[in-house]
Amino acid sequence: MAAGNMGGRVNSTDVIVEAGRLAAEGKPYVLATVVNVVRPASARRGDRALVLPDGRVSGWIGGACSEPAVVREALRALADGQTRVAQMEGECASEGIVEVLIEPILPAPLLVIVGESPAARTLGELARTVGWRVRDDGVEGADAVVVATMGHGDEDLLAAALGSGAGYIGLVASAKRAGSVLAELRTRGLDEEAVLRIRAPAGLDLGPSSQEEIAVAILAELVAWRHTRREGPLAAPSEAVDPVCGMTVAVGPGTEQTVHEGVTVAFCSAHCRARFEAEPERYSGLRAP
Amino acid sequence: MRDVLETLERWAADGTPVAIATVVGTERSAPRDPGAVLAVSAGGDVAGSVTGGCVEPAVYGEARDVLAGGAPRLKTYGIADDEAFEVGLPCGGTVHIFVDRLDPELVAPIAGAVREGRPIALEIKITGQDAGAKRLVGPGEDGPAGELLARGETGIVETPEGQVFVSSFAPRPNMYVFGAVDHAAAVATIGRYLGYRVTVCDARAKFVTRERFPDVDELVVEWPDRFLRSAPVDERTVICVLTHDHKFDVPALKVALETPAGYIGAMGARRTNEERAERLRAEGVSEEDIARIHAPIGLKIGSRTPEEVAIAVAAQIVQVLRSPKKEEVLAQ
């Protein structure tokens, strides 16, 4: 079994069950499915595997020949969020062509709504229908924070939200009260750049609105924000070139590695690592930077 | 007041005297809209709310005073008012609340009309000599109260004798969704949140099922244009054409444009829209009418899933019906 595998033969059905479990837990992963094969190849159409963000693989996706390349593409997909078909050709001398559908499954963004108000309640319900995860306490790990307390400690909550790493921070308030809350944050010494990150009042300006309409305006702004974010949901993977076979491999905890002359070298498989370790001087010219 | 009607009916049946505090006006942000009611029975029981907790204790005191024989009164709570700090309204907004006794005989007609979907309004005199005077307003009545009811709006009317608050219990406005597609289910769900009575209509019976549309008010198997010819449509009506199939869309839009509907939206990529506009022109529809169609439907917020498209549609409906002259706001 290939280097990155979690061990134990995992059949196609187990992969689906495991995928469901990860999705339910809100964990990111990639579902890789072989969609086409030109023989000779060790993979068959319908083979599938999960790839986790640390590069570990669960399932069968063609073994040592195509697996490192699948992992590499999978980690790229986790970084940019785009589904793709990767064509594995000539990765191994014995291989034909294997086409793999790479589907990144990213956890739904987490919206934290602080405060009790009819608009906050409706926003929470609507956000769930759009597939967001919604919590009403603790800003840690939130992608978006909406403060809707109607005035009970907005400044403290906004300051906490600014420190949480949330990309969207909104305040439900009238334009007038929003102005005074932001002014208070400035007198507390928050820099202008931080204050400007707060959307106050939160939501697209749709005209004077009922509580339900305010919730719709905020959710519309959240949807727009989610789809215009520039950075990917996960950090771009680190990659290295296997000095033995020349393949680009993703470097993670499951990657075959060795330290040669103080430099870490990564391999697509234990086989390549063994060959390197037997004659390091032969391959060190190709060594990955 | 809708939310407390059942309780009010019970109290009326028991002969319990009741005071109601009604939000008659708000300035800037307020947690509840005009028409929201806090009802207090002679026994001290409470139903409903006027601000979601901010000023309830103070309002409760006023209601008890009215029940003890005090005069009807118009109270203002807001940040500008010293009393605001006392009662703890931190919302930065101002609410005007009218507190008086509620005649039990007014409850049954309102509850009955709401149940049967008939429009009715409760008119309350809130200033002047006879503050607290109330009467019911039926549909088709002339004058400012009748006009508010026709639009389904609640608010204050100025009269020579003083201010009158009109609380409209209009039936929910209609949202007609044509095309029993995935997007229709999502649009229907959010339409219900916004207070619409939602009908999904499609000529293809196998798509029009309760399983696919568990939370719509009415499912209709019919050609959309035929359905629309006999369906009630007024300025509050919303029409969403989602089939993106010209053979259903074009006749439906043609009929929709003959109605006073407040919002007409049609789904489809740019080419579909251009072709559809071309076919409408061929049917003799004017450019002015074609411009009434919001297409592609929904604000441009980058929606991908049907649920996200539904949010974009809902946001556009709010924007169009709330501020018809404003240009579409694009997400930054």
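These numbers come from a predicted model, not from an experiment.

Visitor: Can you walk me through the confidence of the model for chain B in this structure?
Guide: Fine structural detail should not be taken from predicted coordinates in areas where pLDDT scores are low. Residue and element names in this part refer to chain B. Averaged over chain B, the pLDDT score is 88; the fraction of residues at 70 or greater is 92%. Taken element by element, the predicted model of chain B shows its lowest mean pLDDT in helix α3 (residues 82-87) (49) and its highest in strand β13 (residues 238-241) (97). Every residue in residues 80-85 scores below 50 in pLDDT, and together they form 7 contacts with partners more than four places removed in sequence or on other chains. Note that pLDDT drops below 50 for residues 324-332; the model gives that stretch 19 contacts with residues more than four away or on any other chain. On the interface metric, ipTM, the complex scores 0.72, and its pTM is 0.71.

Visitor: Where do I start with the pattern of salt bridges in this structure?
Guide: When the charged atoms of two side chains lie near each other, side chains of opposite charge can form a pair. According to the stated counting rule, one finds 40 salt bridges over all chains in the structure shown. The salt bridge involving E18 of chain A is made with R21 of chain A; its shortest N-O contact spans 2.9 Å. Note that E18 of chain A and R21 of chain A are positioned in helix α1 (residues 12-24) at a spacing of 3 residues, about one turn of the helix. The partly exposed category is assigned to E18 of chain A, whose relative accessible area is 21%. For E278 of chain B, the salt bridge is made with R281 of chain B, and the minimal N-O distance between the two is 2.9 Å. Taken together, the positions of E278 of chain B and R281 of chain B, both in helix α9 (residues 270-282) and 3 residues apart, correspond to about one turn of that helix. A relative accessible area of 47% places E278 of chain B in the partly exposed class. Its relative accessible area of 33% is what places R281 of chain B among the partly exposed residues. One network of salt bridges, in which partners are shared, links R72, E73, R76, D80 and R84 of chain A.

Visitor: Sorry, what's going on with the packing of helix α4 (residues 154-162) of chain A against helix α5 (residues 175-187) of chain A here?
Guide: For any two helices packed against each other, one specifies the crossing angle of their axes together with the interaxial distance. Residues and elements named next belong to chain A. Running from N to C, α4 and α5 point in directions that differ by 65°, and their axes come no closer than 10 Å. Once α4 is placed against α5, the crossing between them reads as right-handed. Each of D154, E155 and L158 in α4 lies in contact with α5, whose residues at this interface are R177, V181, E184 and L185. Broken down by class, the residue content of the contact of α4 with α5 amounts to 3 nonpolar, no polar and 4 charged.

Visitor: Explain the sheet that holds strand β9 (residues 162-169) of chain B here, please?
Guide: In any sheet, the strands associate via hydrogen bonds between backbone groups, in a parallel or an antiparallel arrangement. Residues and elements named next belong to chain B. What the 4 strands build is an open sheet, ordered β7-β6-β9-β8; its pairing is antiparallel. Each of the sheet's edge strands pairs with one partner strand only, and the pair in question is β7 (134-137) and β8 (155-159). On average, each strand axis in the sheet is inclined to that of its neighbour by 30°, with strand direction left out of account. As paired strands, strand β6 (residues 120-125) and β9 are joined by 6 bridges and run antiparallel to one another. From the neighbouring strand, E123 faces β9, where its bridge partner is V166. Strands β6, β7 and β9 of the sheet are contacted by helix α4 (residues 107-116), whose axis makes an angle of about 145° with β6. On top of the sheet, helix α5 (residues 144-151) reaches β6, β7, β8 and β9; it is set at about 30° to β9, its chief contact.

Visitor: Where do I start with the packing of aromatic side chains in this structure?
Guide: Any two aromatic rings considered together are summarised by their centre-to-centre distance and by the angle between their planes. All names here are of chain A. A full pass over the atoms with the stated rule returns 7 aromatic pairs over all chains. Their ring planes at 55° and their centres at 5.2 Å tell us that F267 and F276 sit as a pair that is tilted. Relative accessible area serves as the criterion here: at 1%, F267 is assigned to the buried category. Through a chain of ring-to-ring contacts, three or more aromatic side chains come together here, namely W132, Y168 and W225.

Visitor: Please explain the packing of helix α8 (residues 246-256) of chain B against α9 of chain B as it appears in this structure.
Guide: Residue and element names in this part refer to chain B. At their nearest, the axes of α8 and α9 sit 10 Å apart, and the two run at 55° to each other. By the angle between their directions, the pair α8 and α9 is classed as oblique. In the packing of α8 onto α9, the handedness of the crossing is right-handed. Each of H246, D249, V250, L253 and K254 in α8 lies in contact with α9, whose residues at this interface are T272, E275, R276, R279 and L280.

Visitor: Please clarify how unusual backbone geometry should be interpreted in this entry.
Guide: With the exception of glycine, most residues fall at negative phi, and the peptide bonds are largely trans. With an omega dihedral of -5°, the bond running from A200 of chain A to P201 of chain A counts as a cis peptide bond. Here the amide bond leading from A295 of chain B into P296 of chain B is cis, since omega sits at -5°, within 30 degrees of zero. By the secondary structure assignment, P296 of chain B is in the loop between β15 (293-294) and α11 (306-322).

Visitor: I would appreciate a short explanation of the environment of I20 of chain B in the present structure.
Guide: All names here are of chain B. Positionally, I20 belongs in strand β1 (residues 18-27). Its relative accessible area of 0% is what places I20 among the buried residues. Ignoring any residue separated from it by four or fewer positions in sequence, one finds I20 in contact with M1, L8, V37, L38, A39, F98, V99, D100 and L102.

Calculation rules
Residues numbered from 1 in each chain as written. Chains lettered and ligands numbered in written order. Predicted model: local features only at pLDDT ≥ 70, side-chain atom pairs only at ≥ 80, totals over all residues. Heavy atoms only, no water. pLDDT = per-residue confidence, 0-100. Helix = DSSP H or I, 4+ residues; strand = E, 2+ residues; numbered from the N terminus. Contact = heavy atoms within 4.5 Å. Salt bridge = Lys/Arg side-chain N within 4 Å of Asp/Glu carboxyl O. Buried < 20%, exposed > 50% of the residue type's maximum accessible area, 1.4 Å probe, protein only. Axes fitted to C-alpha atoms, helices over the stretch in contact; angles between N-to-C directions. Left-handed = near helix turned anticlockwise from the far one by under 90°. Nonpolar A, V, L, I, M, F, W, Y, C, P; charged D, E, K, R; others polar. Pairing = 2+ DSSP bridges. Phe/Tyr/Trp six-rings, centres within 6.5 Å; stacked < 30°, edge-to-face > 60°. Parallel < 35°, antiparallel > 145°, perpendicular 65-115°, else oblique.

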